[in-house]
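Residue-level structure breakdown
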Amino acid sequence: MKRKAVEVKYRKTSESFPEYLKYEVTILNEDGTMEVVPAYGKDLQDALDRLVTREKAEKVKKSVVKVPWGVWAILWFSYLGALTYWYEKSGQAYVLVAGIVGIVMIAGLVYAWLNNATKSNK
């Protein structure tokens, strides 16, 4: 059995973000325990979607944090080595520039998504 939302109560309009509504969602966990968590959104569907997205991002963040920094360094330098090899074989400078810009953009987007999805709107 997965986690299920069994009850949702509307509480109030958010003080910090007036266009958002605050809900309290009662969740039935896999072990049978009940948990009440706040959810914010423009409507109930948006609030539940934000809650699910935040929980997924927190799960990803926990996994990323568990990886030692040395592994990330090895992956980074391996990527740069492969990129450099490809550049040497092709002789095209755009390969090197596009590869570095691309990976920095991907890392930035993932970082922004994780930080945006795990912060709460109060």
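Counting of residues starts from 1 at the beginning of each chain's written sequence and follows it residue by residue. Restriction of local features to residues with pLDDT of at least 70 applies here, the model being predicted, together with a cutoff of 80 or more for giving and counting side-chain atom pairs; totals for whole chains, interfaces and linings are based on all residues. The side-chain figures draw on all heavy atoms in the structure; neither hydrogens nor water molecules are used.

**Describing the nonpolar core**
Throughout this description, the term nonpolar core refers to a set of buried Ala, Val, Leu, Ile, Met, Phe, Trp, Tyr and Cys residues connected via side-chain atoms within 4.5 Å. Relative accessibility under 20% of the residue-type maximum defines a buried residue, over 50% an exposed one, and the middle range a partly exposed one, all with a 1.4 Å probe and only protein chains included. Of all hydrophobic cores here, the largest spans 7 residues; its members are Tyr23, Val25, Ile27, Val37, Ala39, Ala47 and Leu51. Secondary structure elements follow DSSP: runs of H or I of four or more residues count as helices, runs of E of two or more count as strands, with numbering from the N terminus. Here the element with the most residues in this core is strand 2 (residues 21-28); it accounts for 3 residues. Other than its neighbours up to four places away in sequence, Ala47 contacts Tyr23, Ala39, Tyr40 and Gly41. Any two residues whose heavy atoms approach within 4.5 Å at even a single point are treated as in contact.

**Looking at the confidence of the model for the protein**
One rule of thumb: low pLDDT means the predicted coordinates there are not for detailed reading. Scored from 0 to 100, pLDDT records how confident the predictor is in each individual residue. Counting all residues, the mean pLDDT for the protein is 88, and 95% of those residues have values of 70 or more. Averaged pLDDT values for the elements of the protein fall to 87 in helix 3 (residues 93-118) and rise to 93 in strand 2.

**What to know about a nonpolar patch on the surface**
Patches here are clusters of residues that have more than 30% relative accessible area and form no salt bridge, with a 9 Å joining cutoff for like charges and a 5 Å cutoff for nonpolar side chains (Val, Leu, Ile, Met, Phe, Trp, Tyr). To be clear on the numbers: accessible area is Shrake-Rupley with a 1.4 Å probe, and residue cover counts the displayed protein chains and nothing else. Salt bridges are defined as contacts in which a side-chain nitrogen from Lys or Arg sits within 4 Å of a carboxyl oxygen from Asp or Glu. A cluster of nonpolar side chains, contributed by Val60, Val64, Val71, Trp72, Leu75 and Trp113, occupies part of the molecular surface with about 510 Å² of accessible area. Ranked by the residues each element gives to the nonpolar patch, the list is headed by helix 2 (residues 69-90), at 3 residues. Mapped onto the secondary structure, Trp113 falls in helix 3. On the basis of relative accessibility, which here comes to 39%, the residue Trp113 falls in the partly exposed class.

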